[in-house]
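Fold and contact review
This is what each chain is made of:
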Amino acid sequence: MTLRLAITAGEPAGIGPDLCIQIAQQVHAHELVVIADPQLLQQRAALLGLPLSIRLYNDAEAPRPSCAGELCVCPVALAQPVVAGQLQVANSHYVLETLRVAVQGALDKRWAGIVTAPVHKGIINDAGIAFSGHTEYFRDYCGVKEVVMMLATSDLRVALVTTHLPLKDVPAAITPERIKRVTRILHNDLVTFFGIPAPHILVAGLNPHAGEDGHLGREELDVIIPTLNDLRAEGLHLTGPLPADTLYTPKHLQHADATLAMYHDQGLPVLKFHGFGRAANITLGLPVIRTSVDHGTALDLAGSGKADAGSLLTAIDVALHMAAHHV
Ligand SMILES: NC(=O)c1ccc[n+]([C@@H]2O[C@H](COP(=O)([O-])OP(=O)(O)OC[C@H]3O[C@@H](n4cnc5c(N)ncnc54)[C@H](O)[C@@H]3O)[C@@H](O)[C@H]2O)c1
Ligand SMILES: N[C@H](C(=O)O)[C@H](O)COP(=O)(O)O
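Keep in mind that what you see is a predicted model, and the values were worked out from it rather than measured.

1. Concerning helix α5 (residues 134-142)
Think of an α-helix as turning once every 3.6 residues; residues three or four places apart then point the same way. Among the residues making up α5, those that are buried are His 134, Thr 135, Glu 136, Tyr 137, Phe 138 and Cys 142. Positive backbone phi, at 70 degrees, marks Gly 143, one or two positions downstream of α5.

2. Quick look at the packing of aromatic side chains
Applying the stated rule across the entire model yields 4 aromatic pairs. An angle of 55 degrees between the planes, with centres 5.5 Å apart, marks the rings of Tyr 57 and Trp 111 as tilted. One end of the pair, Tyr 57, is in the loop between β3 (53-56) and β4 (70-75); the other, Trp 111, is in the loop between α3 (92-107) and β5 (113-116), with 54 residues separating them in the sequence. Relative accessible area serves as the criterion here: at 5%, Trp 111 is assigned to the buried category. When the centroid spacing of 6.4 Å and the interplanar angle of 50 degrees are considered together, the rings of Phe 131 and Tyr 137 count as tilted. For the pair formed by Phe 131 and Tyr 137, the shared burial category is buried. Ring pairing ties together the aromatic residues Phe 131, Tyr 137, Phe 138 and Tyr 141, which thus form one cluster.

3. Considerations on the nonpolar core
Core analysis: the largest hydrophobic core is formed by 95 residues, its most contacted members being Ile 7, Leu 186, Phe 194, Ile 282 and Ile 316. Ignoring any residue separated from it by four or fewer positions in sequence, one finds Ile 7 in contact with Cys 20, Ile 23, Leu 32, Val 33, Val 34, Ile 35, Val 115, Leu 312 and Ile 316. Judged by nonpolar contacts, the second largest core, of 15 residues, contains Leu 151, Val 158, Tyr 248 and Leu 271.

Definitions and cut-offs
Residues numbered from 1 in each chain as written. Chains lettered and ligands numbered in written order. Predicted model: local features only at pLDDT ≥ 70, side-chain atom pairs only at ≥ 80, totals over all residues. Heavy atoms only, no water. Buried < 20%, exposed > 50% of the residue type's maximum accessible area, 1.4 Å probe, protein only. Helix = DSSP H or I, 4+ residues; strand = E, 2+ residues; numbered from the N terminus. Phe/Tyr/Trp six-rings, centres within 6.5 Å; stacked < 30°, edge-to-face > 60°. Core = buried A, V, L, I, M, F, W, Y, C linked by side-chain atoms within 4.5 Å. Contact = heavy atoms within 4.5 Å.

Take a look at the structure:
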């Protein structure tokens with residue numbers, strides 16, 4: 001069956017439009033609908049020196065494989081023309097509108113899932129819009145209490161208990177309730193979307209050496225250990241809390257299906273060191289399938305032809321895999 005995926009082109013001054021045009025140079029077995037301003041795509045294609053023929057998305061047509069050199073585009077108009085590499089506050093509402101169209105279309109079952117190219121969180125906030133990331137935006141739009149950010153390569157999955165939070169606020173956010181919600185979502189979605197019947201999850205401690213029996217922090221003794229014991233009583237297969245510095249070694253990883261880090265920069269540097277450019281960012285716990293790239297807007301590379309589309313292709317493959325598993 002030919003599936004249809006929506007791809008948001010992300011920050012218009014960044015590499016998102018470039019990547020959409022680059023991947024359009026090859027044939028895809030499924031239909032990729034890019035949500036962006038068509039003029040932006042034509043201008044960026046000219047800058048990159050790549051051929052591009054645009055077909056406007058038509059809701060009434062059945063999905064069909066994407067041809068080389070052609071992009072199906074669901075149009076959203078920019079507020080201001082774009083110069084590659086130069087952020088503009090005026091286009092922040094455009095960026096958010098592409099996300100809204102994508103997620104609403106997924107909820108309405110127009111497409112099987114959403115794949116997002118990178119947005120620039122700072123410029124959206126500069127426009128006076130509180131925005132910490134796609135993950136939290138889609139959580140709030142879909143009206144769910146919790147979602148889980150998981151980045152994955154073919155052989156490593158890293159999920160996070162907390163996402164885009166200042167480091168000083170992390171300890172207070174590591175509560176039994178949050179750990180339970182996140183771990184249950186991670187477990188359930190590994191079963192549902194990744195076909196792992198009884199996932200084994202390695203859980204990191206928060207403090208150095210997982211708190212060293214309370215001498216280097218008490219969150220493990222007071223919160224994490226009792227909560228993991230409650231979750232084990234529900235039947236979840238969990239190991240931890242393990243010291244985060246040695247959790248990501250082959251000895252532990254060879255027996256695990258996923259790892260759960262307590263905060264963003266505890267888990268993601270390991271994942272990105274291991275597989276930057278070959279990983280996908282997956283939001284678990286949403287009523288729709290959503291994957292993304294493992295990198296940011298790379299303003300320094302926009303329009304240069306040097307951006308690597310590996311992660312966008314991985315994110316598309318993962319979304320298709322999840323959709324196929326879920327059907
Ligand atoms: N999925 C997303 O929307 C997403 C993900 C990560 C970061 N961001 C945002 O992107 C903005 C810039 O973040 P940053 O500078 O920390 O990270 P970045 O990933 O944009 O850049 C880090 C480095 O990696 C390089 N790089 C990134 N993507 C590349 C690619 N596809 N091919 C080749 N090189 C690539 C860049 O040139 C730069 O040297 C921030 O606003 C951040 O929040 C968004
Ligand atoms: N935390 C992600 C990363 O480091 O790759 C990135 O900021 C994107 O997050 P969202 O998908 O929530 O925008």
